[in-house]
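# Understanding the architecture of this molecule
Next come the chains, spelled out residue by residue.
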Amino acid sequence: MPDNQDQFSPPPPPQQPSPSPPDLGAPMPPPPPPPPMGMPVMPPPPLPRKTLVSRIKDALVLIVFFGSLLLNLILLLSLTALRAQVGDTRVRETVLLHGAQNQQIAVIDVKGIITDELAEQLWPQFQQVRDNKDYKALLLYVNSPGGGVGASDTIAHYVNQVKGAGKKVVVFMGSVAASGGYYVSAGADYIMAGPTTITGSIGVMGQLPNIHGTLQKIGAHVVVIPSTPATRKSAGSPFLPWDPANRDYFQKLIDSAHQRFVDVVYQGRQEQFPDISVLEKLADGAALTAAQAKAAKLIDQDDAYFEDALDKAAELAKLDKPRVLRLSRPASFRQLLTGADQAKNPLVNIDASLLDDLTTPRLLYLWQGQ
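Each chain has its residues counted from 1, running along the sequence as written. Only residues with pLDDT of 70 or above have their local features reported here, since the model is predicted, and side-chain atom pairs are shown and tallied only from 80 upward, although totals for entire chains, interfaces and linings are computed over all residues. No hydrogens and no water enter the side-chain calculation; it runs on all heavy atoms of the structure.

### Let's talk about the overall build of the chain
For helices the rule is a DSSP run of H or I covering at least 4 residues; for strands it is a run of E covering at least 2, with both sets numbered from the N terminus onward. Summing up its helical and strand segments, the chain has 12 helices and 11 strands in all. Counting across all 370 residues of the chain, residues that qualify as buried make up 34%. For the exposure calls, accessible area comes from a 1.4 Å probe over protein chains only, and a residue counts as buried if that area is under 20% of its type's maximum, exposed if over 50%, partly exposed in between.

### A closer look at the pairing of strand S2 (residues 104–111)
The buried fraction of S2 amounts to 7 of the 8 residues, a majority that puts the element mostly inside the structure. For two strands to be treated as a pair, DSSP must find no fewer than two bridges joining them. Where S2 lies against strand S3 (residues 135–144), 8 bridges are found, and the strand directions are parallel. When the bridges of S3 are listed, Ala106 appears paired with Leu138. You can see the chain leave S2, run along helix H3 (residues 116–131) and come back into S3, and the turn it takes is right-handed. The handedness rule is simple: strands pointing away from the viewer, and a clockwise path from the first strand over the helix to the second, make the crossover right-handed.

### Concerning a nonpolar patch on the surface
Together, Leu70, Leu71, Leu73, Ile74, Leu76 and Leu77 make up an exposed nonpolar region whose accessible area comes to about 620 Å². Checked against the element boundaries, Leu71 lands in helix H2 (residues 52–85). Taking relative accessible area as the criterion, Leu71 reaches 59% and is therefore assigned exposed. Residues qualify for a patch when their relative accessible area is over 30% and they have no salt bridge, like charges being joined within 9 Å and the nonpolar side chains of Val, Leu, Ile, Met, Phe, Trp and Tyr within 5 Å. With residues, only the protein chains shown are counted as cover, and all accessible areas are computed by Shrake-Rupley using a 1.4 Å probe. By convention in these notes, a salt bridge is any Lys or Arg side-chain nitrogen within 4 Å of a carboxyl oxygen on Asp or Glu.

### Looking at the packing of H3 against helix H4 (residues 149–164)
Structural elements are reduced to axes, namely lines fitted to C-alpha atoms, with helices fitted over the stretch in contact, and the angle between N-to-C directions of any two is expressed from 0 to 180 degrees. The N-to-C vectors of H3 and H4 enclose an angle of 0°; their axes lie 10 Å apart at closest approach. When the interaxial angle is binned, H3 and H4 end up roughly parallel. Between H3 and H4, the contacting residues are Asp116, Ala119, Leu122, Trp123, Phe126, Val129 and Arg130 on the first element and Gly150, Ala151, Thr154, Ile155, Tyr158, Val159, Gln161 and Val162 on the second. All amino acids are sorted into three groups, where Ala, Val, Leu, Ile, Met, Phe, Trp, Tyr, Cys and Pro are nonpolar, Asp, Glu, Lys and Arg are charged, and the leftover types, Gly among them, are polar. In the contact of H3 with H4, the residues fall into 10 nonpolar, 3 polar and 2 charged. Throughout, the term roughly parallel applies to angles under 35 degrees, roughly antiparallel to angles over 145, roughly perpendicular to angles from 65 to 115, and oblique to all others. Residue contacts are defined here by distance: any two heavy atoms, one from each residue, within 4.5 Å place the two residues in contact.

### Description of the packing of aromatic side chains
Between two aromatic rings, the relevant description is the distance of the centres plus the angle of the planes. Pairing of aromatic side chains requires ring centres within 6.5 Å, counting the rings of Phe and Tyr and the six-membered ring of Trp. Pairs whose planes differ by under 30 degrees are stacked, by over 60 edge-to-face, and all others tilted. Across all of its chains, the model carries 8 aromatic pairs by this definition. Geometrically, the ring pair formed by Phe172 and Phe306 is edge-to-face, given 6.2 Å between the ring centres and 80° between the ring planes. Residue Phe172 is found in strand S5 (residues 168–178), and its partner Phe306 is found in helix H10 (residues 306–317); the two are separated by 134 residues along the sequence. Here Phe306 falls in the partly exposed class, since its relative accessible area comes to 23%. Ring plane angle 40° and centroid distance 6.3 Å describe the contact between Trp242 and Phe250, whose orientation is recorded as tilted. Clustering of aromatic rings is evident, with ring pairs tying together Trp123, Phe126 and Tyr158. Here Lys312 stacks its cationic end above the ring of Tyr190, 4.5 Å away from the centre of that ring. Only lysine NZ and arginine CZ atoms are considered, and such an atom sits over a ring when it is within 6 Å of the ring centre and within 35 degrees of the ring normal.

Here you go:
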């Protein structure tokens, strides 16, 4: 029997041709070209070291930059606040003493030189006291040497309106309440001063500026031509030489304002001065201490303080739970921007009204410490 393993044995692998030996006589291929050579890479030069001066300059620049940002932010916030107050004419009420709503005492301040602007700004405060039934009394705090004749008379008129509405008025005098400061106080129901108050000075002063001599020295002159029928129109012109013949003319104007002062005091203090001739003797323009003013019956108390004046206002108005409110007006947009004071002295104020102040004759209820 044939052997099966011999029948199925795999065929032998095919014979691979043996590699031919290299041809040692053939030329060698050329070597590959070398890579291109680039520019040598140089390291960056070191930064120069800053000197102390340059460092200080850089710090100052940063301070100025961030300071400018901060100032602009503050200015933006300030203008936003100012814009909110523009046109705000409401009276601001600051509570000094809590009490019953229907037993209110208003405190209004008359401070500094009395001007037309001050009188205008005080009007809404007096009006509120006059018209609001919850206000039973007014405490007028006066700290003023006086000022314009017309402005003083206007504020005195406000006081009389409050009294006419059935409200009690008490005046408390600060350091000075002389001349126009006393004028606005005279109509009160009760006048109180501190031990060191200066008051009185009942009288009028006329001021007629004249710069004619100065203009001559600098070689300048102003031609003043009044209308033909108005022969007195140029009287008192600061650009013309002073004519003594005009003194009587101005004296009559000043004396008329003086008599008005006496009449206002007499109307307010008639119980103390049954005879006006007694008051006329006091009206010589002299300033008085509080004790002298009390002895002369120009005031009612010479040793008072603010709290005493509040107690007197509550007593006169018969209030057992008084609520005390200080009334004021928000500053105008111009005042907030410029810091202008509503009671500044018009005689020394340097602003756009200086020319008018220097060239316009004025009658003043003003005490200047002379």
